[in-house]
Amino acid sequence: MSETRPIQKIFDRVIAERLKASEDKASDLAELHKRLREEALPKVLRIVLDRFNKEAPEILNEYKESEASFVEENYERWSEGFDLIEIYLNISHQIGESINTEFRPSAIENDNFIFEATIALHARALLVSREIFWLLRGGFADGALGRWRTLHEISVVVILLSENDPDISRRYLLHRQIQSYKAMLTYAKYQKEANLTPLQDGDLSRAKKAYDEILNQHGEEMRHDWGWAAPALKCKKPTFRQIEEHVGMDDWRPRYRWSSQDTHAGYRPIEATLGNSESQQPSLLTGPSDSGLADPAQMMIASLYTVSDILVRLAPNIDRGIYIIVLEMIRDKTIAAFFDVIEEG
């Protein structure tokens, strides 16, 4: 369908056929033309769909070949850094798996809230890191940067939990029920209009009961988004920015704000995107680019290291101590590898 306005041409042809065959001698030709357009619509839709279905296999094959070719070329450019990231992710996984296997039974038995929160956050950090890596391999630097925002939040939370007593971790875990109740209120409000499966009888009342019990036991500040951290920061309604400052991670604030541009819908000039960072003539990107991968890759590596390092400190031994040193070495080597590609141009 390379011709200009193909659907309009189909419409014109179908209507011309109908006009020629019409026995209606109406004096109002505009009204006749309008009625025939309405009658022609089902036929036009069938013709267009038939054309799409006929051409789809060829179009899809061309797209798949182009995508595979790009991924291969993208890997060739960033291969050293990509390979190091894969090793890094694998070691991080082994660390988390070994600690979880060894300590989960006793953690459950002894209500070890710090362990429960930290091991869950490490698993999530690893998952988000893998998502970022796939975006990088696919050539979506701006998407990877936006996904890093979550990873940064995880690393900041892990630091805060590690620096405080178990009650803060317990509050963090309980806060899930606060958020769930709020989500259920929104769900219930719009379930009919949004065509959602209705909540079961008693679901909302049970969630409200848990919500009230948590507020009664742990304070009204728990109702706020970051209220679980209130005792650690000694304020009733803490913000993420305050938590960043409290744990000494506020120097990451510029990067966090930067990543938020790819999370929210604010306007960004096309030349401001990472995917256009090396382009002499920036374009409206709707697909992959091999530019701009260094920053999100380096930021991902640094944040995941922070989470893995804190997890190891909860359960230190010689093997894991060696692993974390190896991770540090790979982290630095990976960052250098991405920098080298940028310098080469």
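The rules we used
- Residue positions within a chain follow its written sequence, with the count starting from 1.
- Where totals are concerned, whole chains, interfaces and linings use all residues; where local detail is concerned, this predicted model gives features only for residues with pLDDT of at least 70, and gives and counts side-chain atom pairs only at 80 or more.
- Computation of side-chain values covers all heavy atoms of the structure but excludes hydrogens and water.
- Here, the term nonpolar core denotes a set of buried Ala, Val, Leu, Ile, Met, Phe, Trp, Tyr and Cys residues that are joined through side-chain atoms within 4.5 Å.
- The cut-offs for exposure are 20% and 50% of the maximum accessible area for each residue type, with area from a 1.4 Å probe on protein chains only; residues under the lower value are buried, those over the upper are exposed, and the others partly exposed.
- We call two residues in contact when some of their heavy atoms are within 4.5 Å.
- Patch membership requires over 30% relative accessible area and the absence of a salt bridge. Like charges are linked within 9 Å, and nonpolar side chains (Val, Leu, Ile, Met, Phe, Trp, Tyr) within 5 Å.
- Here the open area of atoms and residues is found with the Shrake-Rupley method and a 1.4 Å probe, where only the protein chains shown may cover a residue.
- By definition, a salt bridge exists where a carboxyl oxygen of Asp or Glu is found within 4 Å of a side-chain nitrogen of Lys or Arg.
- Only four residue types enter the charge count, namely Lys and Arg as positive and Asp and Glu as negative; His and the chain termini do not.
- Taken as the charge location is NZ of Lys, CZ of Arg, CG of Asp or CD of Glu.
- Only DSSP runs of H or I covering at least 4 residues are called helices, and only runs of E covering at least 2 are called strands; the numbering of each starts at the N terminus.
- In summary, the pairing rule links any two rings of Phe, Tyr or Trp, Trp by its six-membered ring, whose centres are within 6.5 Å, and it sorts them by plane angle into stacked for under 30 degrees, edge-to-face for over 60 and tilted for everything else.
- A ring is considered to have a charge above it if a Lys NZ or an Arg CZ atom is located within 6 Å of its centre and within 35 degrees of its normal.
- Note on method: axes are straight lines fitted to C-alpha atoms, helices fitted across the in-contact stretch only, with angles between N-to-C directions ranging 0 to 180 degrees.
- Here the angle decides the label: under 35 degrees means roughly parallel, over 145 means roughly antiparallel, 65 to 115 means roughly perpendicular, and every other value means oblique.
- Note on convention: the crossing is left-handed when the near helix lies turned anticlockwise from the far helix by less than a right angle, right-handed when the turn is clockwise.

Draft legend 1. Local environment of the nonpolar core. If you look at the biggest cluster of nonpolar residues, it comprises 73 residues, and the most contacted ones within it are Ile85, Ile99, Ile132, Leu136, Leu160 and Trp228. Aside from chain neighbours lying at most four places away, what touches Leu136 is Asn74, Phe82, Ile85, Ala144, Leu293, Pro296 and Ala297.

Draft legend 2. A negative patch on the surface, seen in detail. On the surface, Glu80, Asp83, Glu86, Asp340, Glu343 and Glu344 cluster together to form a negatively charged patch. When contributions to the negative patch are tallied by element, the ones reaching two or more residues are α2 (29-109) and α11 (318-344). Relative to the helices and strands, Asp340 resides in helix α11.

Draft legend 3. Just the packing of aromatic side chains, in detail. On inspection of all chains with the given rule, the structure shows 10 aromatic pairs. The rings of Tyr172, Trp226, Trp228, Phe240 and Tyr256 are connected pair by pair, giving a single aromatic cluster. Taking NZ or CZ as reference, Arg137 lies 4.6 Å from the ring centre of Trp134, over its face. Seen from the ring of Tyr305, Arg331 lies directly overhead, with NZ or CZ sitting 4.5 Å from the centre.

Draft legend 4. Layout of the side chain of Ser259. If you trace the backbone, Ser259 turns up in helix α9 (residues 253-260). Residues within four places of Ser259 in sequence aside, it is in contact with Leu145, Gly146, Trp148 and Arg149.

Draft legend 5. Quick peek at the pattern of salt bridges. Scanning the entire structure with this criterion turns up 17 salt bridges. Arg171 is paired through a salt bridge with Glu221; the nearest N and O atoms lie 3.4 Å apart. Here the residue Arg171 occupies a position in helix α5 (residues 166-190), and Glu221 occupies one in the loop between α6 (203-218) and α7 (230-233), the gap between them amounting to 50 residues. Asp203 serves as the salt-bridge partner of Arg206, at 2.7 Å between the closest nitrogen and oxygen. Note that Arg206 and Asp203 are positioned in helix α6 at a spacing of 3 residues, about one turn of the helix. Its relative accessible area of 51% is what places Arg206 among the exposed residues. Given the relative accessible area of 23%, Asp203 is considered partly exposed. Among the charged side chains, a network of salt bridges with common partners joins Arg77, Glu278 and Asp290.

Draft legend 6. Just the packing of helix α3 (residues 113-138) against helix α4 (residues 141-162), in detail. Between α3 and α4, whose axes approach to 9 Å, the crossing angle comes to 165°. Our classification of the angle between α3 and α4 gives roughly antiparallel. Where α3 crosses over α4, the two elements pack in a sense that is left-handed. Across the interface between the two elements, Ile114, Ala117, Thr118, Leu121, Arg124, Ala125, Val128, Ser129, Glu131, Ile132, Leu135 and Leu136 of α3 pack against Gly143, Ala144, Arg147, Trp148, Thr150, Leu151, Ile154, Val157, Val158 and Leu161 of α4.

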